[in-house]
Amino acid sequence: MADARHLSILKELERKVLWLSTWTIHNANHLRPNEDGMKIGGHQASSASLSTILAALYFSVLRPEDRVAVKPHASPIYHAIQYLFGRQTREKLENFRGYKGAQSYPSRTKDIDDVDFSTGSVGLGVAQTLFASLVQDYVKAHGWAKDKPEGRMISLVGDAEMDEGNIFEALLEGWKHGIRNTWWIIDYNRQSLDAVIREGLWQRFEALFRNFGWDVVVLKHGSLMQAAFKEPGGEKLRDWIDSCPNQLYSALTYQGGAAWRKRLLDDLGDQGPVTRLIEKRSDEELAELMANLGGHDLPSLLDAFEKARGHDRPVCFLAYTIKGFGLPLAGHKDNHSGMLTPSQMEAWQKTQGVRPGHEWDKFEGVTIPQAEVERFLSAVPFIQKGTRRYAAPAVPVPEKLTFPANPAMSTQQGFGFILNELARSDNALAARVVTTAPDVTVSTNLGAWVNRRGLYARESLVDTFKKERIPSTYNWEFSPSGQHIELGIAEMNLFIVLSALGLSHSLFGERILPIGTLYDPFIYRGADALNYACYQDARFMIVATPSGVTLAPEGGAHQSIGTPLVGMAQDGLASFEPAFVDELAVIMRWAFDYMQREGGEPNEKTWLRDETGGSVYLRLSTRTLEQPQREMTPELADDIMAGAYWLRKPGPNAQVVVAYTGAVAPEAIQAVGLMAEDRRDIGLLAITSADRLNAGWTAAQRARERGLVHARSHVERLFADVPPHCGLVTVIDGHPATLAWMGSVMGHRTRSLGVEHFGQTGTVKDLYRHFGIDARGIIAAAEMIAPGRPMRHLRAV
Ligand SMILES: Cc1ncc(C[n+]2csc(CCOP(=O)(O)OP(=O)(O)O)c2C)c(N)n1
Ligand SMILES: [Mg+2]
């Protein structure tokens, strides 16, 4: 139990951060009003709601090893706390929401003040803490990070945030994995952006969390209330509070002490002791009492958190709070985007004892001697270890990844072979790879890897089939040393667990190289979580199969059309679509290295991410292709990484170039062969990464515009000798826009073939014909854009 002095200092710090966060927003808004005069959304009231909880956590409860996701709109209060710690600058706060100022929503990558998890898209930060605790357990179970204490993974959750389905998906997965050390603190202010929330929601939450094995701590009545309940008539007041509808409680809070008195006396007057209980308090005292919900009561909070520290079970704290606590807009249902008006601000500033011109002074208006507060601050446990982010050395990547030289295979098979070879080796890379899949482990070809490396669980669990000697291809044994995390069918969870695994070096000081597999079309299901993972700069590899219409018999519901564009457009994700397994081996080797690069900020002259590194997306196929028998020279490997190489270099008088990506390679090769008699010097370009090829081109242009006149991109070099009149036919099993930009590089007339509509079931041949991405489609396109004599073989295919 905290002593009285500790509590009074905390109370002052809470008041201070509430002031600073409210001022930050006010200042940013009034110095630089939006053109449309709009008020900036959400921050003042949302921040105030968490002021007590965050003060209790950061100034007293948290330890350096804890990791926290703060509700998006509480960013100003978070930044204010960091400002008091000296980890946030006044300059950035003055520039809150401005160019390179403190971010509207806490950001790991954009903010300077030690943000553990970015938030912004509600629900994702919440799930991230759960999966981070799973990763912490994984790290410990593998015998790593022995010298580091286990932390609590904590999320400050908005009550309306709980509407996001991904939270429930995560809860279920967490239950399966016996999640520990996770605290979710629900800011139960009973308000969202538009509305006051439904009555009785807390009971649903309580039942739900208990069902999933969590402890639930309801923090409803603060210590003032609890003391009042013990007075004569107190029980009546308690009953009144407990049955008061959310809307009314909010409205009365907004109206203040006199309104509370009137309403309470109307409802409870002439009832003896409870009337006296109300009447003996001033309006101000009454308002303070009624606002003393658990989430604004430091003694209750400290006590609850301290108790939870005594065990490692997951805990949901349901903390009743008031949105806009301590501000004149407290409780008002419109307060989400509400701001204090200048006159309200002026009046409130006076009550806070902050002199004009001293708004940023850290100890202005603090009623405890400054030296004592400073002493307190410098002794806060949370900041005792300085920067809390770890670094981990890069895991060496072998010169070459090997695979059996099968004459024909699909890239998906090749992926399975490469991982199997890795699983057989005992190098450091193999030890640090972890795979995961949302119930598609076997169907995405991870089976061989899992057979060798086992499934991860905190407790060992034998494969009953194996124990009973029933033959099975797969060995499904769980143990703490396993290297595959089996997930249920929820792609959101896949990307969030990848996000957590892919930050392990920074969060827990241990490098993990995560690989997640899924069906390509279901990238959309988890796309926001994927975006979130990239935004946090987590490092992972996603391997998506089957893809496109090439999975033909599976039908339209499983075909992916737009994912190559997702791969191109997603920042922080380098995407590849190789056709052959030797290409894949080069790409995966490169990827393991790329995932570990930490080059800091990208160079704005080029934006190329080669130094900074990032995550990788491999769009693979289940189509078996004849494999080229060739030597992988360093030059070829470089070209593959840069995004393309000539399978057949065009001659000086080339009339047509065919550029293909992925599984349609045989169609492109066949078309080029058939056209050779009727068009001169045809070229065939194999594109392994439209994404990197395009990014390189944009980067070179940007660099030239900024004075690096000799900058040339790979695609520009490839096309340097292609004559201007040459036509370009691009083809991909995916949206044609993926490659359509290539015509702009040198101004070649271009026809881009691909898939724009949902497909049918059928054979690959049926569907390639249906969409015109077969040899016939390629030849017909070439005939139109590269006129000459009729293509004799057009009718033959
Ligand atoms: C995925 C997503 N959808 C919508 C929003 C817009 N949004 C921001 S805050 C908010 C409501 C927040 O309510 P609550 O979680 O109760 O937090 P409070 O404002 O009460 O602090 C919404 C809908 C968002 N940030 N993310
Ligand atoms: Mg709310």
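Residues numbered from 1 in each chain as written. Chains lettered and ligands numbered in written order. Predicted model: local features only at pLDDT ≥ 70, side-chain atom pairs only at ≥ 80, totals over all residues. Heavy atoms only, no water.

Trainee: Got a minute to help me understand the overall build of the protein chain in this structure?
Mentor: Secondary structure summary: the protein chain contains 34 helices and 20 strands in total. Taken over C-alpha atoms, the radius of gyration comes to 31 Å for the protein chain, in line with the 28 Å a tight globule of 797 residues would show. The C-alpha extent of the protein chain, read off along each of the three principal axes, is 105 × 70 × 45 Å. A burial count over the protein chain gives 60% of its 797 residues as buried. Element-wise, carbon and sulfur atoms account for 52% of the exposed surface of the protein chain, whose accessible area totals about 31300 Å². Within the protein chain, the 93 negative side-chain charges are centred at a point lying 2 Å from the centre of the 85 positive side-chain charges. (Helix = DSSP H or I, 4+ residues; strand = E, 2+ residues; numbered from the N terminus. Rg over C-alpha atoms; globule rule 2.2 N^0.38 Å. Buried < 20%, exposed > 50% of the residue type's maximum accessible area, 1.4 Å probe, protein only. Areas by Shrake-Rupley, 256 points an atom, 1.4 Å probe, with all protein chains shown as cover. Lys, Arg positive; Asp, Glu negative; His and termini not counted. Charge placed at Lys NZ, Arg CZ, Asp CG, Glu CD.)

Trainee: Help me out: how do you make sense of the sheet that holds strand β16 (residues 644-648) in this one?
Mentor: Hydrogen bonds between backbone groups are what pair the strands of a sheet, and the pairing can be parallel or antiparallel. With mixed pairing, the five strands of this open sheet are ordered in space as β16-β18-β17-β19-β20. The open sheet has two free edges, formed respectively by β16 and β20 (750-753), since each of these has just one partner strand. Between one strand axis and the next, the sheet turns through 20° on average, direction left out of account. The pairing of strand β17 (residues 656-661) with strand β18 (residues 683-687) spans five bridges and is parallel. Following the sheet pairing, Val658 is matched in β18 by Leu684. Strand contacts of helix α28 (residues 665-675): β16, β17, β18 and β19 (727-732), with the helix running at about 165° to β17, the strand carrying the most contacts. (Pairing = 2+ DSSP bridges. Axes fitted to C-alpha atoms, helices over the stretch in contact; angles between N-to-C directions. Contact = heavy atoms within 4.5 Å.)

Trainee: Which parts of the structure should I look at to understand the site of ligand 1?
Mentor: Surrounding ligand 1, one finds 17 residues, the nearest of these being Ser46, Lys71, Asp159, Gln191 and Lys323. Separating an oxygen atom of ligand 1 from a side-chain N or O atom of Asp159 is a distance of 2.6 Å. At a separation of 2.8 Å, an oxygen atom of ligand 1 approaches a polar backbone atom of Gln191. Relative to its unbound accessible surface of 590 Å², ligand 1 loses 75% to contact with the protein. The residue inventory of the shell around ligand 1, partitioned by class, reads three nonpolar, nine polar and five charged. (Near = heavy atom within 4 Å. Polar contact = N/O pair within 3.5 Å; in protein donor to acceptor, adjacent residues only side chain to side chain. Nonpolar A, V, L, I, M, F, W, Y, C, P; charged D, E, K, R; others polar.)

Trainee: What should I look at first to understand the sheet that holds strand β2 (residues 153-158) in this one?
Mentor: Read from one edge to the other, the open sheet built from five strands follows the order β1-β2-β3-β5-β4, with strand pairing classed as parallel. Edge positions in the sheet fall to β1 (67-69) and β4 (215-219), since each has one partner strand and no second. Geometrically, the sheet is characterised by an average inter-axis angle of 15° between neighbouring strands, direction not taken into account. Sheet topology places β1 next to β2; three bridges connect them, and they run parallel.

Trainee: Even after reading the chapter, I still don't get the pattern of salt bridges, so can you show me in this structure?
Mentor: Note that side chains of opposite charge can pair when their charged atoms are close. Taken as a whole, this structure holds 44 salt bridges when the rule is applied. Here Arg623 and Glu667 are joined by a salt bridge, their closest N and O atoms 2.8 Å apart. Placement of the pair is Arg623 in the loop between β14 (615-619) and β15 (625-626) and Glu667 in helix α28, with a sequence separation of 44 residues. Put simply, Arg792 and Glu677 hold a salt bridge, and the shortest N to O gap is 3.6 Å. Here the residue Arg792 occupies a position in the segment after α34 (775-785), and Glu677 occupies one in the loop between α28 and β18, the gap between them amounting to 115 residues. One salt-bridge network, held together by shared partners, links Asp137, Glu150, Arg180, Asp312 and Arg458. (Salt bridge = Lys/Arg side-chain N within 4 Å of Asp/Glu carboxyl O.)

Trainee: Is there a simple way to think about the environment of Leu10 in this case?
Mentor: Structurally, Leu10 can be placed in helix α1 (residues 4-31). Spatially, the C-alpha atom of Leu10 lies 62 Å from that of Val745, the residues being 735 residues apart in sequence. Those residues within four positions of Leu10 in sequence are excluded, and the remaining contacts are Ala55, Phe59, Ser60, Leu298, Leu302 and Phe376.

Trainee: What am I meant to see in the coordination of the magnesium ion (ligand 2) here?
Mentor: Perfect tetrahedral coordination of a metal by four donors corresponds to 109.5 degrees between them, and perfect octahedral coordination by six donors corresponds to 90 or 180 degrees. Bound to the magnesium ion (ligand 2) on the protein side are Asp159 (OD), Asn189 (OD1) and Gln191 (O), at distances that span 1.8 to 2.2 Å. Site description for the magnesium ion (ligand 2): donor spacing in sequence, D-x29-N-x1-Q. With Asp159 in the loop between β2 and α7 (165-176) and Gln191 in the loop between β3 (182-188) and α8 (201-211), this pair connects stretches of sequence that are 32 residues apart. Residue Asp159 is classed as buried on the basis of its relative accessible area of 2%. Judged by relative accessible area, which is 4%, Gln191 ranks as buried. (Donors = N, O, S within 2.8 Å, 3.2 Å for Na, K, Ca; no water.)

Trainee: How should the nonpolar core be read in this particular structure?
Mentor: Formed by 86 residues in total, the largest nonpolar core has its most connected members in Phe209, Leu237 and Trp240. Considering every element that reaches this core, the biggest residue donor is helix α6 (residues 124-141), with ten residues. (Core = buried A, V, L, I, M, F, W, Y, C linked by side-chain atoms within 4.5 Å.)

Trainee: Explanation requested: the pairing of β17 in the structure shown.
Mentor: A regular strand places its side chains on the two faces of the sheet in alternate fashion. Burial within β17 is extensive, with six of its six residues counted as buried. Here β17 shows two buried faces, one formed by Val656, Val658 and Tyr660 and the other by Val657, Ala659 and Thr661. By the bridge criterion, six bridges tie β17 to β19 in an arrangement that is parallel. Directly across from Val657, in β19, lies its bridge partner Leu728.

Trainee: Explain the pairing of strand β12 (residues 541-544) to me, please; I cannot follow it from the model alone.
Mentor: The alternating pattern of β12 places Met541 and Val543 on one face and Ile542 and Ala544 on the opposite face, and all of these are buried. For the handedness criterion, the β-α-β arrangement of strand β11 (residues 513-518), helix α24 (residues 527-535) and β12 is classed as right-handed. (Right-handed = clockwise from strand over helix to strand, strands pointing away.)

Trainee: What is the right way to look at the packing of helix α18 (residues 411-424) against helix α26 (residues 581-594) in this model?
Mentor: Two quantities define a packed helix pair, namely the angle between the axes and the distance from one axis to the other. Between α18 and α26, the shortest axis-to-axis distance is 9 Å and the interhelical angle comes to 50°. The angle between α18 and α26 places the two elements in the oblique class. When you trace α18 past α26, the crossing you get is right-handed. Taking contact as the criterion, the partners of Thr411, Gly414, Phe415, Ile418, Leu419 and Leu422 in α18 are, on α26, Val581, Leu584, Ala585, Met588 and Phe592. For the contact of α18 with α26, the per-class residue count stands at nine nonpolar, two polar and no charged. (Parallel < 35°, antiparallel > 145°, perpendicular 65-115°, else oblique. Left-handed = near helix turned anticlockwise from the far one by under 90°.)

Trainee: Just checking my understanding: could you explain the environment of Leu93 for this structure?
Mentor: You can see Leu93 is positioned in helix α5 (residues 90-94). According to the relative accessible area criterion, Leu93 is buried, its value standing at 0%. Apart from the residues within four sequence positions on either side, Leu93 is in contact with Thr24, His79, Tyr83, Gln88, Ala102 and Trp360.

Trainee: Looking at this structure, I do not really get the side chain of Arg190. What am I missing?
Mentor: For Arg190, the location among the structural elements is in the loop between β3 and α8. An unpaired buried charge is present at Arg190: no salt bridge exists, and Asp159, the closest side chain of opposite charge, is 6.4 Å distant. A polar contact is formed between the side chain of Arg190 and the side chain of Asn246, at a distance of 3.3 Å. Apart from residues lying up to four places away in sequence, Arg190 is in contact with Asp159, Ala195, Val196, Ile197, Asn246, Tyr249, Leu293, Tyr320 and Thr321.

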